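Report on the structure
Residue strings, one per chain:
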Amino acid sequence: MSQVENAQALKKGALVAFPTETVYGLGADASNEKAVARIYEVKGRPQDHPLILHIASMNDITYWAEEVSDYAIALARSFWPGPMTLIFKRSDAARDFVTGGQDTVGLRVPDHALALGLLQECKKIGVHAIAAPSANRFGHVSPTSAVAVREEIGSYLSRQDLILDGGAAQVGLESTIIDCTGDTPRILRPGAITQAMIEAATGLKVSENNTSEIRVSGSLEKHYAPNAQVLLDVQASEDQGFIAPADVATPAGAIRLASPQTTDEFARVLYSALRDGDAQGLKTIAVIQPSGDGLAIAIRDRLMRASKGR
Ligand code: TXA
Ligand code: MG
């Protein structure tokens, strides 16, 4: 199907799973209450968890948001399209059914040609944003390929729904979420846009106050979890899965699931490696975590939650 047809399907109320540079999203017209309700059904997600609205460009911020600060504009200019979600006070266009009843809204311009093409076609026919969470069942590992989307939610989709294939996600971890409703930016979920990058782009110190009233399901203790039990920073025993940097040898009898050479590669392959472990029916996966700042912080954040189980 062409992008025009994909956009028309969305406009008619279909769900369209689409690739982004972070992970695959499960999209619906952000103004269509029925379509958005189906996202929650397909994911098995609680109704009060807000969705990220994906927009074609930063020109669309003011359709959905109010009180947009200078530092938020600086962030959008620096990192969009890219793996960053900004939280603003919502406009009247952002209804309770996408914000989970909160008075804020999350916006992101994804950096993927297929996603941007779809968003541009949508805009031409009056769809101002695609509301999309990661295209996985609630609490589970986010999908980083179209095949993984089909395995996760294929059986919950209807005939009119679509899964677009844009290859393997380049970043592999969900976007950095930044609360832009205060005087200074605050990171709600770490990702590929790091604290140092945010401080360099805005000239502001990132606030460390993390006692937010804002609900972020990705900050629940248990999230991003495979079926297997995840153990952190221990050697794998026989018949256990093992994910570790390339320079760490595989313990005898363990099943190596990934050997990333760099932190970027670690992020990119982590979720598919966890899925691979599940596909092999492994009960336990041991992971030696990457050290350091930046993206390694986001990897350790997801792994800590994955290790809490489902
Ligand atoms: O990279 C990503 O962000 C991917 C791709 C598809 O864009 N999306 C994603 O969506 O990870 P989701 O729904 O799985 O996680 C988004 C997180 C949730 O934890 C949600 O609670 C939070 O963003 N969120 C959305 N709107 C929010 C808001 N207004 N205030 C606070 N958190 C919000
Ligand atoms: Mg998610």
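Since the structure is predicted, the reported quantities are computational estimates derived from the model, not experimental observations. (Residues numbered from 1 in each chain as written. Chains lettered and ligands numbered in written order. Predicted model: local features only at pLDDT ≥ 70, side-chain atom pairs only at ≥ 80, totals over all residues. Heavy atoms only, no water.)

**Quick notes on the side chain of T202**
Relative to the helices and strands, T202 is located in helix α8 (residues 195-202). Overall, T202 belongs to the buried group, its relative accessible area being 15%. Of the polar contacts made by the side chain of T202, one reaches the backbone nitrogen of L204; its length is 3.1 Å. Other than its neighbours up to four places away in sequence, T202 contacts Y71, L75 and P185. (Helix = DSSP H or I, 4+ residues; strand = E, 2+ residues; numbered from the N terminus. Buried < 20%, exposed > 50% of the residue type's maximum accessible area, 1.4 Å probe, protein only. Polar contact = N/O pair within 3.5 Å; in protein donor to acceptor, adjacent residues only side chain to side chain. Contact = heavy atoms within 4.5 Å.)

**Some words on the confidence of the model for the protein**
A residue-level look at the protein finds 95% of positions with pLDDT of 70 or above and a mean pLDDT of 95. Segment residues 211-215: pLDDT under 50, and 11 contacts once partners within four positions in sequence are set aside and those in other chains are kept. (pLDDT = per-residue confidence, 0-100.)

**Regarding the packing of aromatic side chains**
Here the structure, examined in full by the defined rule, presents one aromatic pair. With centroids separated by 4.9 Å and ring planes inclined at 70°, the aromatic side chains of Y63 and W64 adopt a geometry described as edge-to-face. Look at Y63 and you get partly exposed, because its relative accessible area is 35%. Here W64 falls in the buried class, since its relative accessible area comes to 0%. Geometry around Y156 places R137 over its ring, the cationic atom sitting 3.9 Å from the centre. When the ring centre of Y224 is taken as reference, the NZ or CZ atom of R302 above it lies at 5.3 Å. (Phe/Tyr/Trp six-rings, centres within 6.5 Å; stacked < 30°, edge-to-face > 60°. Lys NZ or Arg CZ within 6 Å of the ring centre and 35° of its normal.)

**Focus: the pattern of salt bridges**
Under the criterion given, the structure shown has 13 salt bridges. The shortest N-O distance in the salt bridge between E67 and K89 comes to 4.0 Å. With E67 in the loop between β4 (65-66) and α4 (70-79) and K89 in strand β5 (residues 84-90), this pair connects stretches of sequence that are 22 residues apart. The class of E67 is exposed, set by a relative accessible area of 61%. (Salt bridge = Lys/Arg side-chain N within 4 Å of Asp/Glu carboxyl O.)

**Structural notes on the packing of helix α9 (residues 263-279) against helix α10 (residues 295-306)**
Direction vectors running N to C along α9 and α10 enclose 30°, while the axes themselves pass 9 Å from each other. As summarised for this structure, α9 and α10 are arranged roughly parallel, according to the angle between their axes. Judged by the twist between their axes, the crossing of α9 over α10 is left-handed. Only L295, A296, I299, R302 and L303 of α10 make contact with α9, whose side of the interface consists of T263, D264, F266, A267, L270 and Y271. Each residue belonging to the contact of α9 with α10 can be placed in one class, and the counts come to eight nonpolar, one polar and two charged. (Axes fitted to C-alpha atoms, helices over the stretch in contact; angles between N-to-C directions. Parallel < 35°, antiparallel > 145°, perpendicular 65-115°, else oblique. Left-handed = near helix turned anticlockwise from the far one by under 90°. Nonpolar A, V, L, I, M, F, W, Y, C, P; charged D, E, K, R; others polar.)

**Regarding the sheet that holds strand β11 (residues 229-232)**
Here four strands make up an open sheet; going across it, the order is β11-β14-β12-β13 and the pairing parallel. Of all strands in the sheet, those with a lone pairing partner are β11 and β13 (255-258), marking the two edges. Direction aside, neighbouring strands of the sheet carry axes that sit 30° apart on average. Here four bridges tie β11 to strand β14 (residues 284-287), and the two strands are oriented parallel to one another. If you follow L231 over to β14, its bridge partner there is A286. Across the sheet, α9 lies against β11, β12 (241-243), β13 and β14, angled at about 140° from β13, the strand it touches most. (Pairing = 2+ DSSP bridges.)

**A short note on the packing of α4 against α8**
Their axes nearest at 9 Å, the elements α4 and α8 cross at an angle of 115°. In the packing of α4 onto α8, the handedness of the crossing is right-handed. Here α4 contributes Y71, A74, L75, S78 and F79 to the contact with α8, which in turn contributes M197, I198, A201 and T202. Its residues assigned to classes, the contact of α4 with α8 comprises seven nonpolar, two polar and no charged.

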